[in-house]
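Summary of structural features
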Amino acid sequence: MSENNHTPKRYTITAALPYTNGPIHIGHLAGVYVPADIYARYLRLTGKEVAFVCGSDEHGVAISMKAKKEGVTPKEVIDMYHAIIKKSFQDFGITFDNYSRTSADIHHETASEFFKKLYEQGDFIEETTAQLYDEEAKQFLADRFVIGTCPKCGHEEAYGDQCENCGSSLNATDLINPKSTITGSTPTTKETKHWFLPLDRYEGFLREWILEGHKNDWKPNVYGQCKSWIDGGLEPRAVTRDLDWGIPVPAEGGEGKVLYVWFDAPIGYISSTKEWAKREGKDWEPYWKDKDTKLVHFIGKDNIVFHCIIFPAILKSHGGYILPENVPANEFLNLEGNKLSTSKNWAVWLHEYLEEFPDMQDVLRYTLTANAPETKDNDFTWKDFQARNNNELVAILGNFINRVVVLTNKYYEGVVPAPSNFTEVDQETLDALKKYPEIISSSLERYRFREAAQEFMNLARLGNKYLADEEPWKVIKQDEERVKTIMYVALQIATALAVLSEPFLPFTSSKLKSILAASNELGWNDVLEKETLLAADHKINQSQLLFRKIEDSEIQKKLDKLEATKKANENEKKAVTPQKETITFDDFTKLDMRVGTILEAEKMPKTKKLLVLKVDTGIDTRTIVSGISESFKPEDIIGKKVTVLVNLAPRPLRGVESQGMILMTESKEGKLVFVNPDEEGVGNGEGIS
Ligand SMILES: [Zn+2]
């Protein structure tokens, strides 16, 4: 069924459940949460009934592993990130009606019920396979809990599901010399039973529903990915796994197993809706079961298969549920030309952004929308961020509002003047204004959020141009009556901006409404239908700053920080020598290291590398031959404090006996560096321990 065929009675809007193993960054916001929030806010402003739900995705092997690695419980991991993520959403004005978590009881019940229903209907296939088992930990080893040698390329640290060296997908049982990452022991193999969703059985349904039914209304990137999955042949997919963290499998033989996270997570949308309905005294069922409900999933492109193929197959199998009418998945956002990466810290973290740009949520929301990765991967750059702010938000929107409010206060003590005769330009401007709700709606209804944000800015441009052309500040000297009409028209535009900005710039919208003392009741369609948005005699308030200019120095600081991150990552990439064999404390105390000072230095004749040094060790003055001639000129190191290993057995080097060793390190660029005690007041001969 195509979207345009009926008017929905209500909307269920979901946003991808963030995985609670880290905080969220601008990529998440741009790809999923800002567009979903714009859409939800817009629908509410048009008077639609909306359930906008989300929650933390708290199961899965990554969380289990992180907990084991850090020596905490999975619950500690999820509690921490759930709180951080939830706060970021609140800070950026994401108006979920409910933000739940998949560890909640209501979700465990809902997901179990789904599994049971499908199980009882015979919709799963059962299969017993041999899996790796850790006898010491007494548990099966999920993919990431095993490392071993890749059978394809010989890389020694391949994971049970993938080799990161050659990129091959693997089965844990294929690894050569597998080791458990929990205990380090060699796993045995043991038979285990699992349940699979036979996706191949849904091919006919998926072809008809997506490939025929949504050819024209789904985004080409989404449709294309679905087509390639379906054409490539769908295969049964395991819905359970051997793990101790997740929702227990409610079936005979399910002990010690949990539902696979991809099975339980999307059901989280339903659980979240139930939680919301219960709290608000509503019925959740129409939101998921009434065919007059429009269900829309907002996700990133990495989630397309789960929301378009697998979850619909589960819903279809269960029966009684509606299917999504659209899944407007976005592509990825990059940062300054590179992929966003949590592990490389190549990201703008939301909590960090707010520390550096307090109260400037709308600037980020606007930039991410104006530059959203809707049809292809897109790049976030700090220069673009600055330009969007300075050239659009400050110069167009902020400037227009400020002029209108300042002049109204200056000429009329803040009271909206009554207009007299509208000129042709006035009338054209008011007519143009009334078209904007429909223009912006049309973009939003087609999930074109970039276009919608630009159309919104065009309305501010209309206001700016009107004032610039009519020049009330000049006309006031000759024709005071005329200025009343000009200001009245400008105030109508300002009020329309206050209303229509809400989905995009919610913080600015509420500031603007308070400056104009405009009614919070004004909705999207009032801009279209009402003769007057701000009546004559209405009193407005004083102006306040909506946006501030962002200076070059602030942007340079951000770029410097990224440059430093890049350097740190490059250095890390250079191989670090593996740790040597463990030594005892006694081994260590055998080394006698002292602070010394270089007294003399000269090149050893006929060698490239060697310097002959006289060093005051506090014990004595001795000769040490050191291979540092390529990095230092003799005259530059005289007087230098150094660390000397004094009890190294003397050895002859080119006929000179070297009586000790000076400790050096090598920088990433290959330059030798003294390991030197740089603290004042440390004397020669003092021991290092
Ligand atoms: Zn490999």
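Above this text you will find the structure in question.
Presented here is an overview of the structure given in this document. Small disclaimer: the values here were computed from a predicted structure and weren't measured. Throughout this document, residue positions are counted from 1 along each chain, in the order its sequence is written. Only residues with pLDDT of at least 70 are given local features in this predicted model, and only at 80 or more are side-chain atom pairs given and counted; all residues enter the totals for whole chains, interfaces and linings. To obtain the side-chain values, all non-hydrogen atoms of the structure were included, while hydrogens and water were left out.

1. Some words on the overall build of the protein chain
In terms of helices and strands, the protein chain carries 21 helices and 26 strands. Over its C-alpha trace the protein chain gives a radius of gyration of 33 Å, far above what one expects of a compact globule, namely 26 Å for 689 residues. Its C-alpha atoms give the protein chain principal-axis dimensions of roughly 105 × 80 × 40 Å. Only protein chains enter the accessibility calculation, which uses a 1.4 Å probe; a residue whose area is less than 20% of its type maximum is buried, one above 50% is exposed, and one in between is partly exposed. The proportion of buried residues among the 689 residues of the protein chain is 51%. Any two residues whose heavy atoms approach within 4.5 Å are treated as being in contact. Within the protein chain, contacts between residues at least 6 apart in sequence are counted, and of these 74% link residues at least 24 apart. Split by element, the accessible area of the protein chain, about 32200 Å² in all, is 48% carbon and sulfur. We score Asp and Glu as negative and Lys and Arg as positive, and we do not count His or the chain ends. The location of each charge is read from NZ of Lys, CZ of Arg, CG of Asp or CD of Glu. Looking at charge distribution, the protein chain has the averaged site of its 85 positive side-chain charges lying 3 Å from that of its 105 negative ones. Each helix is a run of DSSP H or I of at least 4 residues and each strand a run of E of at least 2, with the numbering of both proceeding from the N terminus. Throughout, the radius of gyration refers to the C-alpha atoms, and the reference size of a globule is 2.2 Å times the residue count to the power 0.38. In these tables, accessible area is a Shrake-Rupley quantity obtained with a 1.4 Å probe, and a residue counts as shielded only by the protein chains included in the view.

2. Some points on the environment of Gly154
For Gly154, the location among the structural elements is in the loop between strand E6 (146-149) and strand E7 (158-159). Judged by its relative accessible area of 38%, Gly154 falls in the partly exposed class. Considered as a pair, Gly154 and Ser553 are 399 residues apart in the sequence and their alpha carbons are 49 Å apart.

3. Topic: the environment of Tyr436
Looking at where Tyr436 falls in the secondary structure, it is placed in helix H13 (residues 424-445). Residue Tyr436 is classed as buried on the basis of its relative accessible area of 11%. Taking the C-alpha atoms as reference points, Tyr436 and Asp217, 219 residues apart in sequence, are found 23 Å from one another. Residues within four places of Tyr436 in sequence aside, it is in contact with Glu455, Asn458, Leu459, Leu462 and Leu500.

4. Things to note about empty space enclosed by the protein
Buried and open spaces are told apart on a 1 Å grid over the protein atoms alone, a cavity being a set of points where a 1.4 Å probe fits but cannot get out and a pocket being an open set with protein on both sides within 12 Å along at least five of seven lines. Residues with an atom within 4 Å of a point are the lining residues. Grid points are joined across faces, edges and corners, and a volume is the space filled by probe spheres set on the points. In total, this model carries 4 cavities of 30 Å³ or more according to the counting rule given. As for the largest cavity, its lining consists of Ala30, Val34, Pro35, Ile38, Asn330, Leu368, Thr369, Ala372, Glu374 and Phe449. Elements represented by at least two residues in the lining of the largest cavity include exactly helix H1 (26-45) and helix H11 (361-370). Looking at side-chain class alone, the lining of the largest cavity contains 7 nonpolar, 2 polar and 1 charged residues. When residues are grouped by polarity, Ala, Val, Leu, Ile, Met, Phe, Trp, Tyr, Cys and Pro land in nonpolar, Asp, Glu, Lys and Arg in charged, and all others, Gly among them, in polar.

5. Structural notes on the pattern of salt bridges
Salt bridge, as used here: a side-chain nitrogen of Lys or Arg that lies within 4 Å of a carboxyl oxygen of Asp or Glu. Inspection of the entire model under this criterion finds 38 salt bridges. One salt bridge connects Arg101 with Asp79, and the closest N-O pair in it is separated by 2.7 Å. With Arg101 in strand E3 (residues 98-101) and Asp79 in helix H3 (residues 74-91), this pair connects stretches of sequence that are 22 residues apart. Among the residues examined, Asp79 registers a relative accessible area of 28% and is labelled partly exposed. For Lys484, the salt bridge is made with Glu481, and the minimal N-O distance between the two is 3.2 Å. Placement of the pair is Lys484 and Glu481 together in helix H16 (residues 480-500), with a separation of 3 residues, close to one helical turn. In the salt-bridge network here, residues are joined through shared partners; they are Asp37, Arg41, Arg365, Glu502 and Lys513.

6. Digging into the coordination of the zinc ion
Summarising the metal site, the zinc ion is bound by the protein donors Cys150 (SG), Cys153 (SG), Cys163 (SG) and Cys166 (SG), whose distances to it range over 2.3 Å. Note on donors: an N, O or S atom is included if it sits within 2.8 Å of the metal, or within 3.2 Å for Na, K and Ca, and water is never included, so sites can look incomplete. Note on geometry labels: four donors, all angles 85 to 135 degrees, give tetrahedral; four donors become square planar and six octahedral when opposite donors are over 155 degrees apart and every other angle is between 65 and 115; remaining cases are irregular. Classification of the site at the zinc ion rests on its 4 donor atoms, whose angles at the metal span 107 to 111°, yielding the label tetrahedral. Here the donor residues for the zinc ion map to a single chain with the spacing C-x2-C-x9-C-x2-C. Its relative accessible area of 35% is what places Cys153 among the partly exposed residues.

7. Let's talk about the side chain of Ser88
By the secondary structure assignment, Ser88 is in helix H3. Residue classification places Ser88 among the buried positions, given a relative accessible area of 4%.

8. Things to note about the packing of aromatic side chains
Working definition: rings of Phe, Tyr and Trp (its six-membered ring) pair if their centres are within 6.5 Å, and the pair is stacked with planes under 30 degrees apart, edge-to-face with planes over 60 apart, and tilted otherwise. Summed over the entire model, instances satisfying the criterion amount to 42 aromatic pairs. Ring plane angle 80° and centroid distance 6.4 Å describe the contact between Tyr11 and Tyr39, whose orientation is recorded as edge-to-face. In this pair, Tyr11 sits in strand E1 (residues 10-15) while Tyr39 sits in helix H1, placing the two residues 28 residues apart along the sequence. Note on Tyr11: relative accessible area 3%, which makes it buried. Here the aromatic rings of Phe115 and Tyr119 are separated by 5.9 Å at their centres, their planes lie at 15°, and the arrangement is stacked. Remark: Tyr119 and Phe115 occur in helix H4 (residues 105-120); sequence separation between them is 4 residues, near one turn of the helix.

9. Notes on the sheet that holds strand E10 (residues 237-238)
Paired strands, as defined in this entry, are two strands with at least two bridges between them according to DSSP. Spatial ordering of the open sheet is given by E5-E4-E9-E10, a layout of 4 strands whose pairing is antiparallel. Of all strands in the sheet, those bounded by a partner on one side alone are strand E5 (139-140) and E10. Sheet analysis places strand E4 (residues 125-134) next to E5, joined by 2 bridges and oriented antiparallel. Within the sheet, the bridge partner assigned to Tyr133 lies in E5 and is Phe140.

10. Points about the pairing of strand E18 (residues 611-616)
As defined by bridge partners, strand E17 (residues 593-603) adjoins E18 across 6 bridges and the pair is classed as antiparallel. In the sheet register, Ile598 faces E18, and the bridge partner there is Val615. Bridge analysis of E18 against strand E19 (residues 621-626) gives 6 bridges, and the strand direction is antiparallel. Across the sheet, residue Lys614 finds its bridge partner in E19, namely Thr623. The antiparallel hairpin formed by E18 and E19 contains 4 residues in its connecting segment, where Gly618 sits at a positive phi of about 85°.

11. Considerations on the sheet that holds strand E14 (residues 333-335)
Strands pair in a sheet through their backbones, by hydrogen bonds, and they do so in one of two ways: parallel or antiparallel. Across the sheet, which stays open at both edges, the 3 strands sit in the order E15-E14-E16 with mixed pairing between neighbours. Each of the sheet's edge strands pairs with one partner strand only, and the pair in question is strand E15 (338-339) and strand E16 (378-380). Where E14 meets E15, 2 bridges bridge the pair, whose relative direction is antiparallel. Bridged to Asn334 within E15 is Lys339.

12. A word on the packing of H11 against helix H12 (residues 382-412)
All axes are obtained by fitting lines to C-alpha atoms, using only the stretch in contact for helices, and the reported angles, taken between N-to-C directions, cover 0 to 180 degrees. Orientation of H11 relative to H12, taken along the N-to-C sense of each, is 105°, at an axis distance of 10 Å. For the element pair H11 / H12, the angle class is roughly perpendicular. In contact with Val363, Leu364, Tyr366, Thr367 and Ala370 of H11, H12 contributes Asp384, Phe385, Arg388, Asn389, Glu392 and Leu393. A class-by-class count of the residues in the contact of H11 with H12 yields 6 nonpolar, 2 polar and 3 charged. Each angle is binned into one of four classes, with values under 35 degrees roughly parallel, values over 145 roughly antiparallel, values of 65 to 115 roughly perpendicular, and all other values oblique.

13. Observations regarding the nonpolar core
Among the nonpolar cores identified, the biggest contains 166 residues, and Phe263 and Tyr353 are the most heavily contacted of them. Looking at this core, the element that brings in the most residues is H16, giving 14 residues. Residues in contact with Tyr353, not counting those within four places in the same chain, are Phe92, Val348, Met360, Gln361, Val363, Leu364, Trp382 and Phe385. Take the buried Ala, Val, Leu, Ile, Met, Phe, Trp, Tyr and Cys residues and link them wherever side-chain atoms come within 4.5 Å; each set so joined is a nonpolar core.

14. Examining helix H14 (residues 449-470)
One less than the number of residues in a helix, times 1.5 Å, gives the span that helix is expected to have. For H14, with 22 residues, the first-to-last C-alpha span of 32 Å sits near the 32 Å given by 1.5 Å per residue. Taken together, the buried positions of H14 are Phe449, Ala452, Ala453, Phe456, Met457, Leu459, Ala460, Gly463, Asn464, Tyr466, Leu467 and Glu470. For H14, the buried positions fall inside an angular range of 160° around the axis, keeping them on one side. Count one or two residues on from H14 and you reach Glu471, which has phi positive near 45°. Arc definition: it is the arc formed by the directions from the helix axis to the C-beta atoms.

15. Quick word on H11
For H11, the tally of buried residues reaches 10 of 10 residues, placing the bulk of the element in the interior. Within H11, the full set of buried residues consists of Gln361, Asp362, Val363, Leu364, Arg365, Tyr366, Thr367, Leu368, Thr369 and Ala370.

Remember that the coordinates give geometry; whether it matters functionally is a separate question.
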